[in-house]
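Chain and residue survey
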Amino acid sequence: MTIPAEAQEAISRFGISIEDYMLPVHGQIQILSEDGTMRPEDQRGSSPGHQYPVPSDDELLEAYRRLVVGRRVNDQNSALVRQGRLAVYPSSHGQEACQVAAALCLREGDWMFPTYRDAVAVMTRGVDPVEAMTLFRGDWHGGYDPHERKVGIQSTPLTTQLLHAVGVAHAAKLRGEDTVVLAMCGDGATSEGDFHEALNFAAVFHLPVVFFVQNNQYAISVPLAHQTVAPSLAHKAVGYGMAGERVDGNDIVALLAVLGRAVTLARAGSGPLLVEANTYRMQAHTNADDATRYRNEAEVKAWAAKDPLNRMRSYLRSTGALTDDVESAFAGDAEDVAQRLRDGLSAEPNLDPQELFLHVFAEPTPQLREQAAFLADELARDEQPGKEL
Amino acid sequence: MTIPAEAQEAISRFGISIEDYMLPVHGQIQILSEDGTMRPEDQRGSSPGHQYPVPSDDELLEAYRRLVVGRRVNDQNSALVRQGRLAVYPSSHGQEACQVAAALCLREGDWMFPTYRDAVAVMTRGVDPVEAMTLFRGDWHGGYDPHERKVGIQSTPLTTQLLHAVGVAHAAKLRGEDTVVLAMCGDGATSEGDFHEALNFAAVFHLPVVFFVQNNQYAISVPLAHQTVAPSLAHKAVGYGMAGERVDGNDIVALLAVLGRAVTLARAGSGPLLVEANTYRMQAHTNADDATRYRNEAEVKAWAAKDPLNRMRSYLRSTGALTDDVESAFAGDAEDVAQRLRDGLSAEPNLDPQELFLHVFAEPTPQLREQAAFLADELARDEQPGKEL
Amino acid sequence: MSTVAEAAAARAAADAEKNDSLQPVTFAKALTTAMADAMREDDTVVVFGEDVAKLGGVFRITDGLMAEFGEKRCFDTPLAESGIVGMALGMAMNGLRPIVEMQFDAFAYPAFEQIASHVAKMHNRTRGRVRLPMVIRVPYAGGIGGVEHHCDSSEAYYAHTPGLKVFTPATVSDAYRLLREAIASDDPVVFMEPKKLYWSKDAVDLAALRAGFQGGALDRAEGKAVVARPGTDATLIAYGPAVPPALAAAEAAAEEGRSVEVIDLRTIVPFDDETVAASVRKTGRAVVVAEAQSFASVASEIVARVQERCFHSLAAPVRRVAGFDIPFPPPKLEHWYLPSVDRILDALDTLQWED
Amino acid sequence: MSTVAEAAAARAAADAEKNDSLQPVTFAKALTTAMADAMREDDTVVVFGEDVAKLGGVFRITDGLMAEFGEKRCFDTPLAESGIVGMALGMAMNGLRPIVEMQFDAFAYPAFEQIASHVAKMHNRTRGRVRLPMVIRVPYAGGIGGVEHHCDSSEAYYAHTPGLKVFTPATVSDAYRLLREAIASDDPVVFMEPKKLYWSKDAVDLAALRAGFQGGALDRAEGKAVVARPGTDATLIAYGPAVPPALAAAEAAAEEGRSVEVIDLRTIVPFDDETVAASVRKTGRAVVVAEAQSFASVASEIVARVQERCFHSLAAPVRRVAGFDIPFPPPKLEHWYLPSVDRILDALDTLQWED
Ligand SMILES: Cc1ncc(C[n+]2csc(CCOP(=O)(O)OP(=O)(O)O)c2C)c(N)n1
Ligand SMILES: Cc1ncc(C[n+]2csc(CCOP(=O)(O)OP(=O)(O)O)c2C)c(N)n1
Ligand SMILES: [Mg+2]
Ligand SMILES: [Mg+2]
């Protein structure tokens, strides 16, 4: 066992032995049952000694509000694709609990590294919704300033962003800051070499990174069983000397508890952790995909019954926190964001071809200036009346 | 647990439960103590239910002969470097038990994929010693025909060969052959992305590959503790749903037992396995390296006491199998190989620059024919007397 | 109603059967058929990659192969490109002829070490003992409104790497022919498919092409450029996605009275110096048209080769209409980047005409 | 005896101190000093990679950095190049200026996706919001008798990728200057070090160079080629490992009465069109000298640019003396591959001289 002494120290402060901490032999953590009732503490799937603090009722209500907004964002964006306002949208419909928890578990000074599917998490962290859609609208590759809300650019080359997360954490650690970095990827992405390298670097340099895998059971058409034969994705942590955890990815209460604990551990110096959330991609991979080619309706239906919103709604209704008034206020919030998306994405963007040459380097090279001038010249000639073919 | 049913079946035939099979929680297997005595069966480090059959005395004597030859090959090649007959030689001095066991555990129809450090394994498998030195002599990139003895070209780009091994095994499996492939790499190499991809592919396609990691504690100057903080390299198997094992890499008896069992399991359909051998690189990384910069004499001395040859010699002396006569016969065998290396590597090779263009493709392209003609022409002019500058 | 509909359907089916050979075929279909035909004739041909089996590939190029040939010959892999290419190499060493699909151009980069250090070099490293009959299919280039990392023109990376053949069809019949040749080749071929052409159509007689392969009657396309349109005043040298705009520009130039020859390289490696040089020697003027960013590109190479070989025939420097040296633009800006008919015509105009 | 020896040693030490500024400095030492100086002046500069800390790198280029700056600023990583480059990117995003070493040219390929899809593009993808001040050091090219995968000339892969700057020094003082500029640059720089030059020496005043940096007095070398040797009859355009043979060939040509100008590019991206074109317009003849395999290479680009810009000044086609299109040869055959003085002279001879 070669986990650094300071990490062992940090972990033991949580009352967990190192062996027990590391091997994710237990099942997944679930706190809110699929029917919306809270499970008794001894039936949440945790191993002895592990404490998963449940958020307060206020926090849960706010989380639900975010879920409602997130769902609306997903559905609005899918509609905007159909209307030709977005080129493509990889919806996280069904995964909103993961999206919301990912954003809420972090502090302002922390960082998040999302994938293409994590637009709802990006917005929940405070990035402007319309700016967050720039990529999928096709105006530019990224629309928001990563430094502003400390959110990396949404990554399409799979898994590569995990290493960027590791680097950001490493720089913060070298400066003695207590930043935690949440590094997100999908189940399919765990098969890439960069996954291995990122987890190992984080473990060896003992960095405060929480790797958060949304296991939505599919990588486009490929089901998890063709991606790995490991007992779980969380088991992958073992080979890096890291703790792995499984959580019900449609249970926002469990997600907040497990991710919250992971972030707290990492901030306390435990080193990195891996959290696998079991969830489901309710829609096709993107609008360009046809999911009926590779999965059946029964499976989708079974997962629909586990919907993260319904479950939470039942619970909050049962406690009385979610009144009709509150509910309609939340719906109003969601509609505001949807309206913002519709307005922002309907306005024609002001695109300048000269920008193509502007950001390749900090300063354009002479070659780029020459090419920019060529294009400007070509466009100027185009605009001249009577220009010959 | 999603290990394929047929693999579970194959494994259970060995009387091991899947959980127990997969988690390498026990320590390393050691059968021959460092003082050359056989350990009692219950003190070999194996978990209950795991059977490691010990090779016969004849097999052990033959293995020892190979160790003696292997050690001589290492020392002869290092001498040839000093004499300028080889450009470079990454010696496996101290790792000969791993080298010999790797070759002896395979059948003729099996394949081996070695690294640059595995020349002794390559020769033990029957490749001509002088041909095996072509790379390090600088005559060509590889000297032997991989198909002849079913030995991949010695790989210097780290870890990449593991995927080739997986492909060879996959092709054999698709044809229904019972080939087993031994894929070799070092401790440092386990950090590369290709390690992850190779193990996962082998596990998902359920292929008869035995991954054999010689953990010689260093990757050039970098000690294992900077490479990983996992409890062991064998633990990396868990994340792929694969069995991992640890073995004393200086104990040829344990190596033959563990690798032999792994090959048998793989041939029976268990899917891939990972075997980590703990050993030590007694010399510098290569002759170009200066190991005093990063490790101390005391560490090297401590490992010298665990030498794989001494240990085996003591044992075979104690059983009476190794008489003075046998010993001098073995020394003679070793000297024959050394002589062959000296002779073969002293003769000037016949190098033809036109060969540079010959093997780029199955047939040279017009461009290569043109370039070959250019060089031929240049050389012809060089040879003409009175050629002007 | 139903009787009428049925009768119409039956008539259509009969027509289709009769005129099968004359039906328009898509580029995509030609590729699929090439693989299926090769798999039928040679059971060592296997197809794998991400989403190629059940889904038939995100572009559906492998559609139907799993259904026809089973899961052993067409299968999905875990999501790892280095793994896909490295495993294919091992299979090619051991008696198979793998065809692998990289889902998009930029997603082949994780496999770059396997491609450059092993696939390209194994035959040479082993002094010709190990042949690697494998095909790496790469949907490439833009024109489809794809987001970043989905539209790279990566052919130069491969063409610059000795030991790789690089094919790139621009027509439906070449899609079939070149892919069949790539599969039949004993060398590794990086097969670059211009994705914007997937849905282009042509009236091609696939059955005749197939028969040509079976009888060995067809000339080899490898290393043979074609004169896609003959002309006498200037030469446009293009390949892959740049061939259609080159042809359109030649057409437009003809309306202006300029006779422009268009050459479609078909294979970048090997390169057909003969056809290219013969054309430029005849016309005395040349423009290379390519979509990739132009610095240190295949277009640079063509310019270099042409001026080396045809210097004394040239009335003007060889021009390039190629990509700017910028990352491929976002969807809404790509039309400013792609080689357009106007840009090609402008380049032709600069060739120092005496008229 | 010992007194004599001691006296000699003391004298030598005093001499060394006095003439420090005039002592021959190795290329390697210039690189090490550049990093140390940058690290002293800016504590956001960090150095990491495989074997760079305790060992000081397999070529000892980072020797002494860990001792002076501690393990937080110079450290070893696990053995994973994509990890090294990807982590460096994250650090560069978050306030540091990382310098990473790839142990050998071909061992940067596992990092190719990180380099091509992220390092090169992050600034552009984020509309200029994220700058990546990072340096990827790549010991490259042959001439040292290295075995396969240890001698690749990989500059074209990077130069072809928009968003990367590519520097490659050929002299001791440029080793220092260019590396300082690379570290100071807000753009990612792939810094290509010709390993056969590591042990070359020159009498360079590092202290003066250092002072020039501190006072900002030095002209920038980025994007500025130098006329390494002036001449009037023909131009040799070279960079990195090809500069010494080009200079030697010019020297040999001078003995024959031919005045050959030699240009050392110093940076491939950005490219100095001005200096190159001015020279070729003056001489009317040009040969590009490079070590890399020639197809779709930097050499191809230079030929293309020169003929585009200087067509009417050219008395003969621009020639290339570049690598054959083969994998880099094994040690005992490399001399047949490397650009030699004779081969350069032969190429000069073909430039259609009227004499
Ligand atoms: C390196 C790389 N290879 C392939 C792709 C193409 N691709 C895009 S998404 C995807 C599936 C990803 O699955 P997963 O990681 O489970 O994420 P999910 O889409 O389910 O959220 C693939 C193969 C890619 N984007 N990057
Ligand atoms: C991809 C790659 N990166 C870097 C290197 C340079 N290199 C050669 S050997 C070595 C260390 C390998 O260590 P390990 O895997 O433990 O094997 P050992 O040398 O100890 O047998 C390194 C870094 C390489 N050959 N390939
Ligand atoms: Mg998924
Ligand atoms: Mg080692």
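Notes on the overall build of chain C
A count of helices and strands for chain C gives 13 helices and 14 strands. For 355 residues, the compact-globule estimate of 2.2 N^0.38 gives 20 Å, and the C-alpha radius of gyration of chain C, at 21 Å, lies within 12% of that figure. With the C-alpha coordinates aligned to their principal axes, the bounding extent of chain C is approximately 65 × 65 × 45 Å. When burial is assessed residue by residue, chain C has 70% of its 355 residues classed as buried. For chain C, the proportion of contacts with a sequence separation of at least 24, taken over those separated by at least 6, is 81%. Carbon together with sulfur atoms contributes 51% to the accessible area of chain C, which is approximately 10,400 Å² in total.

Section: the interface of chain C and chain B
On the side of chain B, 44 residues touch chain C, which itself brings 45 residues to the contact. Buried area between chain C and chain B, summed over both chains or domains, comes out near 3,700 Å², and the portion from carbon and sulfur atoms is 59%. Counting across the interface, chain C meets chain B through two salt bridges. C:Arg127 is the salt-bridge partner of B:Glu355, the closest N and O atoms lying 2.7 Å from each other. Run the count over chain C and chain B and you get 18 residue pairs in polar contact (both at pLDDT 80 or more).

Regarding the nonpolar core
For soluble globular proteins, the rule of thumb is that nonpolar side chains tend to be buried together. Ranked by size, the top nonpolar core spans 220 residues in total, and within it A:Phe211 and B:Phe211 carry the most contacts. Aside from chain neighbours lying at most four places away, what touches B:Phe211 is B:Leu162, B:Val166, B:Ala183, B:Ala198, B:Leu199, B:Ala202, B:Met242, B:Pro272, B:Leu273, B:Leu274 and B:Val275. Ranked by size, the runner-up nonpolar core spans 88 residues in total, among them C:Met35, C:Tyr198, D:Met39 and D:Val135.

Overview of the packing of helix H2 (residues 27-41) of chain D against helix H9 (residues 206-214) of chain D
Residue and element names in this part refer to chain D. As a packed pair, H2 and H9 sit with axes 11 Å apart at the nearest point and diverge in direction by 35 degrees. Every pair of crossing elements has a handedness; the one defined by H2 and H9 is right-handed. Contacts between H2 and H9 involve Ala30, Thr33, Asp37 and Glu41 from the first element and Leu206, Arg210 and Gln214 from the second. Taken together, the residues of the contact of H2 with H9 break down into two nonpolar, two polar and three charged.

Notes on empty space enclosed by the protein
Each pocket or cavity is described by its volume, and for the largest cavity that value is around 190 Å³. Lining the largest cavity are 16 residues, and of these A:Glu197, B:Gly193, B:Asp194, C:Pro110 and D:Pro110 sit closest to its centre. Grouping the constituent residues of the lining of the largest cavity by class yields three nonpolar, five polar and eight charged.

Considerations on the domain arrangement of chain A
Split into domains, chain A comes out as domain 1 (5-346) and domain 2 (353-382). On a C-alpha basis, the centroid separation for the pair domain 1 of chain A and domain 2 of chain A is 40 Å.

Quick look at the sheet that holds strand S7 (residues 189-194) of chain C
Residue and element names in this part refer to chain C. Taken in spatial order, the seven strands make up an open sheet running S3-S2-S4-S5-S7-S6-S12, and their pairing is mixed. Only two strands of the sheet have a single neighbouring strand rather than two, namely strand S3 (74-76) and strand S12 (267-269). The mean angle between the axes of side-by-side strands here comes to 20 degrees, regardless of whether they run parallel or antiparallel.

Observations concerning the coordination of the magnesium ion (ligand 4)
Residue and element names in this part refer to chain B. Distances from the magnesium ion (ligand 4) to its protein donors, Asp187 (OD), Asn216 (OD1) and Tyr218 (O), fall within 2.0 Å. Binding-site remark: the magnesium ion (ligand 4) is held by donors from one chain whose sequence spacing is D-x28-N-x1-Y. Placement of Asp187 in the loop between strand S2 (181-186) and helix H10 (193-204) and of Asn216 in the loop between strand S3 (209-215) and strand S4 (218-219) is noted, with a sequence separation of 29 residues between them. Note on accessibility: Asp187 and Asn216 belong to one class, buried.

Considering the relation of the copies chain D and chain C
In screw terms, the move from chain D to chain C is a rotation of 180 degrees and a rise of 0.0 Å along the axis, fitting with an RMSD of 0.0 Å. Such a turn and shift between the copies fits a two-fold axis. A high fraction, 100%, of the interface residues of chain D reappear at the interface in chain C, so the copies pair face to face through one surface.

Looking at the coordination of the magnesium ion (ligand 3)
Residue and element names in this part refer to chain A. Every protein donor of the magnesium ion (ligand 3) is accounted for by Asp187 (OD), Asn216 (OD1) and Tyr218 (O), and the metal-donor separations fall at 2.0 Å. Spacing between the donor residues of the magnesium ion (ligand 3) along the chain follows D-x28-N-x1-Y. In this pair, Asp187 is assigned in the loop between strand S2 (181-186) and helix H10 (193-204) and Tyr218 in strand S4 (residues 218-219), connecting sequence segments 31 residues apart. Just as Asp187 is buried, Tyr218 falls in that class too.

Notes on the site of ligand 1
Around ligand 1 sit 21 residues, and of these A:Tyr116, A:Arg117, A:Thr156, A:Asp187 and C:Glu81 come closest. Residues near ligand 1 are shared among chains A, C and D, making this a multi-chain site. Contacts to ligand 1 include A:Gly188, whose backbone N or O atom sits 2.8 Å from an oxygen atom. Within the backbone of A:Tyr218, an N or O atom sits 2.9 Å from an oxygen atom of ligand 1. In isolation ligand 1 exposes 590 Å². Once the protein is present, 96% of that is buried. Looking at side-chain class alone, the shell around ligand 1 contains nine nonpolar, six polar and six charged residues.

Re the site of ligand 2
Neighbouring ligand 2 are 21 residues, the closest being B:Tyr116, B:Arg117, B:Thr156, B:Asp187 and D:Glu81. Between an oxygen atom of ligand 2 and a side-chain N or O atom of B:Tyr116, the distance comes to 2.8 Å. B:Gly188 is positioned such that a nitrogen or oxygen atom in its backbone is 2.8 Å from an oxygen atom of ligand 2. Taking 590 Å² as the accessible area of ligand 2 by itself, protein coverage stands at 96%. Broken down by class, the residue content of the shell around ligand 2 amounts to nine nonpolar, six polar and six charged.

Examining the pattern of salt bridges
Side chains that differ in sign of charge can pair as their charged atoms come close. Under the defined criterion, the tally for this structure stands at 103 salt bridges over all chains. Note that A:Glu335 and A:Arg72 form a salt bridge whose closest N and O atoms lie 3.0 Å from each other. Highlighted residues: A:Glu335 in helix H15 (residues 324-346) and A:Arg72 in helix H3 (residues 57-82), separated in sequence by 263 residues. Given the relative accessible area of 25%, A:Arg72 is considered partly exposed. Shared partners join several salt bridges into a network, and the residues in it are A:Glu370, C:Arg320, D:Asp273, D:Glu301, D:Arg305, D:Glu308 and D:Arg309.

Considering the environment of C:Glu261
All names here are of chain C. Of note, Glu261 is situated in strand S11 (residues 260-264). Residue classification places Glu261 among the buried positions, given a relative accessible area of 3%. For the pair Glu261 and Ala286, spaced 25 residues apart in sequence, the C-alpha separation works out to 9.3 Å. In contact with Glu261, not counting residues within four places along its chain, are Val227, Arg229, Pro230, Gly231, Ala234, Thr235, Leu236, Ser279 and Lys282. A polar contact of 2.9 Å, which involves the side chain of Glu261, links it to the side chain of Ser279.

Topic: the sheet that holds strand S1 (residues 111-113) of chain B
Neighbouring strands of a sheet are bound in pairs by backbone hydrogen bonds; such pairs are parallel or else antiparallel. Residue and element names in this part refer to chain B. Strand order in the open sheet formed by five strands is S1-S2-S3-S7-S6, and the pairing between neighbours is parallel. This sheet does not close on itself; its edge strands, each paired only once, are S1 and strand S6 (243-248). Strand-to-strand twist of the sheet, defined as the mean angle between neighbouring strand axes without regard to direction, takes the value 20 degrees. Of the pairings in the sheet, the one linking S2 to S3 comprises six bridges and is parallel in character. The residue of S3 that forms the bridge with Val181 is Val209. Against the sheet, helix H4 (residues 96-104) makes contact with S1, S2, S3 and strand S7 (273-278), and its axis sits at roughly 170 degrees relative to S3, the strand it touches most. Contacts from H10 reach S2, S3 and S7, with the element oriented near 150 degrees to S3.

What to know about the side chain of B:Ser221
With respect to the helices, strands and loops of the structure, B:Ser221 is situated in the loop between S4 and strand S5 (222-223). At a separation of 2.7 Å, a polar atom in the side chain of B:Ser221 contacts the side chain of D:Asp51. What B:Ser221 contacts, discounting residues up to four positions off in sequence, is B:Tyr294, D:Asp51, D:Leu55 and D:Asp76.

Things to note about the domain arrangement of chain C
Residue and element names in this part refer to chain C. Here the domain parsing of chain C yields domain 1 (10-215) and domain 2 (226-349). The partner domain 2 presents 22 residues to the 29 residues of domain 1 that form the contact. Across the domain 1-domain 2 interface, the total number found is one salt bridge. The tally of links between domain 1 and domain 2 comes to nine residue pairs in polar contact (both at pLDDT 80 or more). Secondary structure elements with two or more residues in the side of domain 1 that touches domain 2: helix H7 (155-159), strand S6 (165-167) and helix H8 (172-184). Per-element tally for the side of domain 1 that touches domain 2: the top contributor is H7, with four residues.

What counts and how
Residues numbered from 1 in each chain as written. Chains lettered and ligands numbered in written order. Predicted model: local features only at pLDDT ≥ 70, side-chain atom pairs only at ≥ 80, totals over all residues. Heavy atoms only, no water. Helix = DSSP H or I, 4+ residues; strand = E, 2+ residues; numbered from the N terminus. Rg over C-alpha atoms; globule rule 2.2 N^0.38 Å. Buried < 20%, exposed > 50% of the residue type's maximum accessible area, 1.4 Å probe, protein only. Contact = heavy atoms within 4.5 Å. Areas by Shrake-Rupley, 256 points an atom, 1.4 Å probe, with all protein chains shown as cover. Buried area = accessible area lost by both parts, 1.4 Å probe. Salt bridge = Lys/Arg side-chain N within 4 Å of Asp/Glu carboxyl O. Polar contact = N/O pair within 3.5 Å; in protein donor to acceptor, adjacent residues only side chain to side chain. Core = buried A, V, L, I, M, F, W, Y, C linked by side-chain atoms within 4.5 Å. Axes fitted to C-alpha atoms, helices over the stretch in contact; angles between N-to-C directions. Left-handed = near helix turned anticlockwise from the far one by under 90°. Nonpolar A, V, L, I, M, F, W, Y, C, P; charged D, E, K, R; others polar. 1 Å grid on protein atoms, 1.4 Å probe; cavity = no way out; pocket = protein on both sides within 12 Å on 5 of 7 lines; lining within 4 Å. Points joined across faces, edges and corners; volume = space filled by probe spheres on them. Domains from an automatic or database assignment. Pairing = 2+ DSSP bridges. Donors = N, O, S within 2.8 Å, 3.2 Å for Na, K, Ca; no water. Least-squares fit on C-alpha atoms with pLDDT ≥ 70 in both. Near = heavy atom within 4 Å.

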